[in-house]
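Spelled out, the chains give:
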Amino acid sequence: MLHEYEMYNNERRRHIPSALWPFFAPDPEKYYRWRVQLDCACITELFTWGNETPPSESRWLDGREALPPGQLRCEHDDGPSPYREIIAWHDRREITLPADPADPPKWADPDVWALLRHDEPRASAFWKVTLECGHVEDSMPTDLDWKPDDGPSLADSARVSQMTEEFEALWASHPDFQPDRDLEHTRRMLAAGWPLPRPETECYTCPHVRQIVAYQRVGWLVPREAKQQTEPTPQGRNSRAALERRLRRLEVDAEHLRGRLSEWDDVRDV
Ligand SMILES: [Zn+2]
Ligand SMILES: [Zn+2]
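Residues numbered from 1 in each chain as written. Chains lettered and ligands numbered in written order. Predicted model: local features only at pLDDT ≥ 70, side-chain atom pairs only at ≥ 80, totals over all residues. Heavy atoms only, no water.

1. Digging into the coordination of the zinc ion (ligand 1)
Alright, step 1. Each protein donor to the zinc ion (ligand 1) is listed here as Cys-40 (SG), Cys-42 (SG), Cys-74 (SG) and His-76 (NE2); together their distances run 2.0 to 2.3 Å.
Alright, step 2. Between the four donor atoms coordinating the zinc ion (ligand 1), the angles at the centre fall across 105 to 113 degrees, so the site counts as tetrahedral.
Alright, step 3. Coordination of the zinc ion (ligand 1) draws on donor residues from a single chain, spaced C-x1-C-x31-C-x1-H in sequence.
Alright, step 4. According to the relative accessible area criterion, Cys-42 is partly exposed, its value standing at 26%. (Donors = N, O, S within 2.8 Å, 3.2 Å for Na, K, Ca; no water. Tetrahedral: all angles 85-135°; square planar, octahedral: opposite > 155°, others 65-115°. Buried < 20%, exposed > 50% of the residue type's maximum accessible area, 1.4 Å probe, protein only.)

2. Examining the domain arrangement of the chain
Alright, step 1. As assigned here, the chain comprises domain 1 (1-78 + 206-226) and domain 2 (83-203).
Alright, step 2. Using only C-alpha atoms to locate each centre, domain 1 and domain 2 end up separated by 38 Å.
Alright, step 3. Contacts between domain 1 and domain 2 engage seven residues on the former and seven residues on the latter.
Alright, step 4. Applying the counting criterion to the domain 1 and domain 2 interface returns one salt bridge.
Alright, step 5. Among the ionic pairs, Lys-128 bridges to Glu-65, the shortest N-O distance being 2.8 Å.
Alright, step 6. Class assignment for the residues of the side of domain 1 that touches domain 2 results in five nonpolar, one polar and one charged. (Domains from an automatic or database assignment. Contact = heavy atoms within 4.5 Å. Salt bridge = Lys/Arg side-chain N within 4 Å of Asp/Glu carboxyl O. Nonpolar A, V, L, I, M, F, W, Y, C, P; charged D, E, K, R; others polar.)

3. Here's the deal with the pairing of strand E8 (residues 136-142)
Alright, step 1. Pairing of strand E7 (residues 122-131) with E8 involves five bridges; the strand directions are antiparallel. The residue bridging Ala-125 from the neighbouring strand is Thr-142, located in E8.
Alright, step 2. Counted between consecutive antiparallel strands, the loop separating E7 from E8 contains four residues, among which Gly-134 sits at a positive phi close to 95 degrees. (Pairing = 2+ DSSP bridges. Helix = DSSP H or I, 4+ residues; strand = E, 2+ residues; numbered from the N terminus.)

4. Points about the pattern of salt bridges
Alright, step 1. Going through the model one piece at a time under the given rule, you end up with 15 salt bridges.
Alright, step 2. Among the salt bridges present, the one from Glu-11 reaches Arg-14, with a minimum N-O distance of 2.8 Å.
Alright, step 3. A salt bridge links Glu-45 to Arg-33; its shortest N-O distance comes to 2.6 Å. Taken together, the positions of Glu-45 in strand E2 (residues 43-49) and Arg-33 in strand E1 (residues 31-38) put the pair 12 residues apart, joining distant regions of the chain.

5. As for the sheet that holds strand E9 (residues 200-202)
Alright, step 1. Taken in spatial order, the four strands make up an open sheet running E8-E7-E6-E9, and their pairing is antiparallel. Every interior strand has two partners, whereas the edge strands, E8 and E9, have only one. Recorded for the sheet is a direction-independent mean angle of 45 degrees between the axes of neighbouring strands.
Alright, step 2. As judged from the three bridges shared by strand E6 (residues 83-97) and E9, these two strands associate in the antiparallel manner. Bridging from a neighbouring strand, Tyr-83 pairs with Glu-202 of E9. (Axes fitted to C-alpha atoms, helices over the stretch in contact; angles between N-to-C directions.)

Next comes the structure, spelled out in C-alpha cells:
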C-alpha cells in the first residue's frame, strides 16, 4: 500500500509546485488505513487524514464532488436513475445546442417528433444543483436569464390541459413511449402546472453509491517505528501493572464504543 501510495504521489508531485505538496500531495505519514465493508457486501481499503475520524463519517469524492458522509461509489449491475427533488442551485455555464434535425430519429415517429423537436439553435444555462439525496448533478438546464430567486414559472393552464390530453393520447397509442418512472415524472409535471425549471431531476449518482456499514482499523500507512521500539518486553507486557494498564485502556475503548452504539440507536429510532 505504502509503495503504491509513493508511486502515485511521486507521479502527481511532478505536476504540482513543491510549496503545495503538503496540501495536494502530502507525505504518507499522516495517512491512516481502514478496511471497510459496504452495504453491497464489497470490502475495500481507504485512507483518512489522521486516525480520528472513522471512514463512515468522512466524505469521499465521487469524481470532483464529495458524497454524503460514509458513501462510496461501488458500481454493480445497478438499476435506473431515480428522480430527486432539487434543494439547492449553485453555479452555471452556458452552452448553445444546435437545432434538432427535421427528420425524426429512429425511436420517434413523425407526430411524436413534431411534439419534441427544437427547430432553432438554442442557448441554455446548465446549473450545478444539489438534490434531496445529497448528490450533485451539474447539467440542469434553464433559460439563459433565469435565476434561482425567480423560482419556477408555470405554463398557461389552458396549455397544460392541452398537453395533458396530448400526453394521455400519446401514452395510449405508444405504451412504450417512456419508461414508467419518466411517465410518472411527466404526470407530476403536468399536475404541478408544468413548472420550469423542473423541480426534480434524475440522480445519476444514487444507483451507484453504497453506504459503509462496517470498518476495521488497519494502521498507519507508514508503520510507526517509534512505537514498536517502546513496545514492552514480553516480561514487561505480562507484569501485573502492565496488565492493569491494558485493561483500563480496553475499558475506555469499550465505553467509547458503547457511546457510539447508543448514538447509532438514537439515530435509527428517529
Ligand atoms: Zn460493491
Ligand atoms: Zn442521489
